[in-house]
Structures are given as C-alpha cells and as structure tokens.
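# Architecture and fold: a report
If you want the building blocks of each chain, they are given just below.
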Amino acid sequence: MDNAGSKKRCCESVQEFFTSPKFLIYLGHGLSTWGDRMWNFAVAVFLVGLYGNSLLLTAVYGLVVAGSVLLLGAIIGDWVDKNPRLKVAQTSLVVQNFSVILCGILLMVVFQFKEQIAELYNGWILTCCYILVISIANIANLASTAMAITIQRDWVVVVAGQDSSKLADMNATVRIIDQLTNILAPMLVGQIMSFGSNFIGCGFIAGWNLCSMCLEYGLLWKVYQKTPALALKAGKKEDDQELKQLNFPKELENGKGTVEGSQLMNEMAVVKADSPKKTSCCYQITEPLRTIRDGWVAYYNQSIFFAGMSLSFLYMTVLGFDCITTGYAYTQGLNGSVLSLLMGASAVSGICGTVAFTWVRKKCGLIRTGFISGVVQLSCLVLCVASVFAPGSPFDLSISPFQDIYSHLIGDSGNLPEADHPASMLNIDGLLVNGSTALPAEELPPLQSYLSVSLLFAGVIAARIGLWSFDLTVTQLIQENVIESERGVINGVQNSMNYLLDLLHFIMEPKSLYCTRRWQ
C-alpha cells in the first residue's frame, strides 16, 4: 500500500510540474528561442547568398536591426507597459512569426526566380526585394524584442510571485534554454541548408514558425489562465495621480485639506486648460520623442542604473566568440573543427555559470553574487592579457596602437605598415556567420607556437562562468527593483543601451562592421 501511495504521489507531482505555469513558460520560451536562433543564423546566410557571396546586405541588416532597437527600445517598452499582458504577448508573437513567414516566402521567390527578377526594370525590382526582406526581418526582430521583454522580464516575475529563490531558478533555467538553443538550432538549419538548399531552408523555417506560433499561442493562454495575477497590472503614474485628484473634492466637502485641495483644484484647472493642446497634431507627432526622452530619464533615475550600465559595457568587449575573435583564430592557424570545439566548450562554461549563479546566490545573496561573478570574470581574463606577451603572439608592442588612426586622419596612407604575411589576413568574402567558412589551410602561415592563442581562448572560455552569472545577477536586480508599471520601458532602454555599446564594439575595429552580431 505504501509503495502504491508513493507512486501515486510521485505521478501527481510529475503531472503537476508538467502542467504548471513555470513549465509552460519554459516550453513556450524554448519554442520561441529555437525559432529565433534558426532565423537569426539563416537570415545572414540567405542575405550573403542573395548578393553574390558578399556581406554587404548582412552588414546593412545588422546596422538596421541595431539602430532600430537603439531608437525604438523605449517606445517598445512603453507599449508593453500600457497594454494588458496577454494582448502584448499575443500581438508580439503573431507579428514576429508572421513577419518571419512572410520574409521566408519572399526569399523563396527571390531564390527561385532571381535571374528573371534581376532583368526587370534594370534590377530595381530585385533591389526592392532586398529592401523588403531587410525591413520585414527588422520588424520580426522588434516584435521578438517586445516578446522577450514581456515574458522574460515581466511574466516570469509574476509567476515567481514574491519568491526570490524561485525567480532566480526560473531566470537560470530560461538562460540555459537560451544557451542550448543557441548551439543546437543553427546546427539543425545549417544541415538542412547544406544537404538541401537555401530554398528548402526558407521553407523549413517558415513552416516551423507557423506551427510554433500556434503552439506558443495556446501555451500563453494556458499560463494566463493558471496565473490570475497576470490579469492584474499596475497602472501608470498619471492614472494614479488622476485618481488622487478625483478624491480631493470629497475631502473638501468634509472640510479636510482646504489649502492643499484648493492648490490641487488650481492644478486641475491648468490641466484642463492644457488638454486641448494634447489633442493637437503637433503634440501627437512629437509624442514618440517624448516617450523616448522620458524612458531614458526614467532609466537614469533608477537605483539599478549603474548595474544596468555595467551589463551594457559587457557588450563592448571583443573577448567573445564573434566574427572578430573568429577571424583572429583563423589567422593564428586554428581550423573550423578546432574552433567549433572551442565554441562548444564556451557554451558548457556558460551553462556552468548559470548553475553556479543559483547556488552562490543562496549562499551569499544577490549583490555579493554579482561582485563574485565580476571578480571571477576579470581573473579569467588575465589569461587573455598574458597571451599578448606569450610566444606566438602577433602583437608588436613597440608600435603605437594609434599610429594607423593618426595616419588615416592626416591622410598619409603611404606610411602605413605592411603586413609581414599578406596571406594571413582574413578574407571577408570568405567568412560567413560566426566564421563558419574557413580559409584554405595552405593560405595560413605556420606558427612557431600556439601558446598565445591557447591562453586567449582559455581565458575567454573560463570567463563565461563569471560572465553569465553576472548577467543573471543584473537581470534579477532589474526585475526586483523596478516597479511594475515601468518594467517594460526600463528593459526597453536597457536593450537600447546594450545595442549602443555593441555598435561601439564594432567601431573599435572597423573591419568587423562587415559581420554585425549580438553578444551571445
């Protein structure tokens, strides 16, 4: 009897977990990020294939995406704050997936009839197709940003309730899902495009998003039904102020607050006098600008401002597996096979960092966890500094790093230093996404020592433990310290700040602008 009872309780607990709002959020987030990762990987490859194996369209797309989030992050967040949670999530989901589906269909048409389209109106129709693809893909990214804000920064907090430990566990699980899909999803769609074609890849991604959208829509509805608190959303400060103003006439009738009431009545009269101005055309046109201004001001006034800035500065580091580091690895003699293993090790290290975050937070608290994570990251990056001085390093410390910049500014290109090994320079046209296309082995110069590049990547991989733990710390600080009515706009501005410093990261190395990317 005891065994039967224990089995029944075990089955009930398992069933309860798989039907809980927490698991449904994990499942929906997994489907969403899987589609996002496949699309983000494939769209860059598609754009390269469309423009004759050139990275021009990919660079334009990256700059458009970064610029759009940079400018519209506060507006997206403000829209998230002002509308009901379910409406925001469903609208973002539908817009995102339909944009990807439409873009996939358009790409299929262009790939199938590219030669015929190029002959129409001297190629202007094909140019319009390029513009449409980039514009629709940018809309999909903006909708994905809104979806990430409302689910990861708001719904997760509500589902976790007032339990800080539960919130930390949910944040860590969501981040582990991000890490796994970031590795597995590009592998899947890459194999489909390799053994099939770009046309088949577009069709697969469009079909996936159609099926995923239906499943995610149902999961969102189930989570909303199982969590009544999601239906309650704090209003904006203006609404609260209006309610306070409506209560003052009652106080005046009871003889309370005479002075304060008269002052507030005067303020209400001024507001009523100004109300026609708010309906004017000029006021409505400039409203987005005021929203952006108010969003950045609110972000600056938050207690987590410096924590958010510290997270944004991590996006400016070049010590990650982006196109800069990948290109450097190729020039140092590492092939694609070794580099893929290093990227896998980096992902495992990041997962270890997310697991370590939950354990350290329980022992030391959230603030100390962030401090420890930062120290661990900086300590690991000491290996990267040591790689500059190690045998096999290509850096010549006797040459000023500002010499080339000065020569470009004064227009003296004749004195620019020539490379000792021209064949070792990275061919941009031979590099696809994240350096997945390697240079021929015979073009890479032999190195006397791999100690320098080994130290560099050892530091980069080990630093991911502290990096992701620090990222989760700042994320939870924002979740716990930003009031509910401003979560959207504050996280929208945070995304804008991340993109801004990510762009500065590429400006530090102009050649890398050909491979714009998000920090992963």
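Basis of the calculations
Residues numbered from 1 in each chain as written. Predicted model: local features only at pLDDT ≥ 70, side-chain atom pairs only at ≥ 80, totals over all residues. Heavy atoms only, no water. UniProt positions renumbered as here; feature names shortened; annotations may be inferred. Axes fitted to C-alpha atoms, helices over the stretch in contact; angles between N-to-C directions. Helix = DSSP H or I, 4+ residues; strand = E, 2+ residues; numbered from the N terminus. Parallel < 35°, antiparallel > 145°, perpendicular 65-115°, else oblique. Left-handed = near helix turned anticlockwise from the far one by under 90°. Contact = heavy atoms within 4.5 Å. Nonpolar A, V, L, I, M, F, W, Y, C, P; charged D, E, K, R; others polar. Salt bridge = Lys/Arg side-chain N within 4 Å of Asp/Glu carboxyl O. Buried < 20%, exposed > 50% of the residue type's maximum accessible area, 1.4 Å probe, protein only. Core = buried A, V, L, I, M, F, W, Y, C linked by side-chain atoms within 4.5 Å. Expected span 1.5 Å × (residues − 1). Bend = angle between axes of the 7 residues up to and from the residue. pLDDT = per-residue confidence, 0-100. Phe/Tyr/Trp six-rings, centres within 6.5 Å; stacked < 30°, edge-to-face > 60°.

Identification of the protein chain as Solute carrier family 40 member from Oncorhynchus mykiss is taken from an unreviewed UniProt entry. You can read under Function (unreviewed entry) in the UniProt record for the protein chain the words "May be involved in iron transport and iron homeostasis." One UniProt comment on the protein chain, placed under Sequence similarities (unreviewed entry), says "Belongs to the ferroportin (FP) (TC 2.A.100) family. SLC40A subfamily."

### Points about the packing of helix 3 (residues 56–82) against helix 6 (residues 124–160)
Interhelical geometry of helix 3 versus helix 6 gives an angle of 40 degrees and a closest axis separation of 9 Å. Classified by the angle their axes make, helix 3 and helix 6 are oblique. Of the two elements, helix 3 crosses helix 6, and the hand of that crossing is right-handed. Facing helix 3, whose interface residues are Leu57, Val60, Tyr61, Val64, Val65, Ser68, Val69, Leu72, Ile76, Trp79 and Val80, helix 6 presents Tyr130, Ile134, Ala137, Asn138, Asn141, Leu142, Thr145, Ala146, Ile149 and Thr150. Each residue belonging to the contact of helix 3 with helix 6 can be placed in one class, and the counts come to 16 nonpolar, five polar and no charged.

### Quick word on the UniProt feature "transmembrane region" (unreviewed entry) in the protein chain
The sites that UniProt annotates as "transmembrane region" (unreviewed entry) are residues 38–54, 92–111, 123–143, 297–318, 338–359, 371–390 and 449–470. Along residues 371–390, the helical share is 95% and the strand share 0%, with 29 Å between the first and last C-alpha atoms. A distance of 34 Å separates the end C-alpha atoms of residues 449–470, which is 91% helix and 0% strand.

### What to know about the pattern of salt bridges
Counted by the stated rule, this structure contains seven salt bridges. Residue Asp78 pairs with Lys82 through a salt bridge whose shortest N-O separation is 3.1 Å. Of the two residues, Asp78 and Lys82 both sit in helix 3, four residues apart, roughly one turn of that helix. A relative accessible area of 48% means that Lys82 is categorised as partly exposed. Close ionic contact of Asp294 with Arg293 constitutes a salt bridge, the shortest N to O distance being 3.0 Å. Among the residues examined, Asp294 registers a relative accessible area of 41% and is labelled partly exposed. A relative accessible area of 48% means that Arg293 is categorised as partly exposed.

### Observations regarding the nonpolar core
In terms of nonpolar packing, the biggest core is built from 43 residues, with Trp39, Tyr61 and Leu107 touching the most fellow members. Elements with a contribution of two residues or more to this core: helix 2 (21–50), helix 3, helix 4 (85–112), helix 6, helix 7 (164–195), helix 8 (198–226) and helix 19 (487–507). What Leu107 contacts, discounting residues up to four positions off in sequence, is Trp39, Phe46, Leu50, Val133 and Cys202.

### With respect to helix 3
Owing to its 3.6 residues per turn, the α-helix aligns residues three or four sequence positions apart on the same side. Relative to the 39 Å expected for 27 residues at 1.5 Å per residue, helix 3 spans 38 Å between its end C-alpha atoms, a close match to the ideal helical length. Where helix 3 bends most, the angle comes to about 60 degrees, and this point is Leu72.

### Quick notes on the side chain of Asn83
Of note, Asn83 is situated in the loop between helix 3 and helix 4. For Asn83, a relative accessible area of 14% puts it in the buried group.

### Digging into helix 2
In this model, helix 2 (30 residues) spans 42 Å end to end at C-alpha, consistent with the 44 Å of a helix rising 1.5 Å per residue. In terms of residue burial, helix 2 counts as a mostly covered element, since 26 of its 30 residues are buried. Of the residues flanking the end of helix 2, it is Gly52, one or two places downstream, whose phi is positive at about 65 degrees.

### Regarding the confidence of the model for the protein chain
Chain-level statistics for the protein chain give a pLDDT mean of 79 and a share of 76% at 70 or above. Contacts from residues 413–444, a stretch scored under 50 in pLDDT, to residues over four places away or in other chains number 46 contacts. Low pLDDT, under 50, characterises residues 511–520; the stretch is placed with 36 contacts to residues that sit more than four places away or in other chains.

### Description of the packing of aromatic side chains
Pairs of aromatic rings are described using the distance from one ring centre to the other and the angle between the two planes. If you walk through the whole model with that rule in mind, you get 10 aromatic pairs. Pairing Phe17 with Phe23 gives two aromatic rings, centres 5.5 Å apart and planes at 55 degrees, and the pair type is tilted. Plain terms: the ring middles of Phe305 and Phe306 are 5.2 Å apart, the flat faces sit at 70 degrees to each other, and that makes the pair edge-to-face. Residue Phe306 is classed as exposed on the basis of its relative accessible area, which comes to 68%. Taken together through their ring pairs, the aromatic side chains of Tyr299, Tyr300, Phe305 and Phe306 make up a single cluster.

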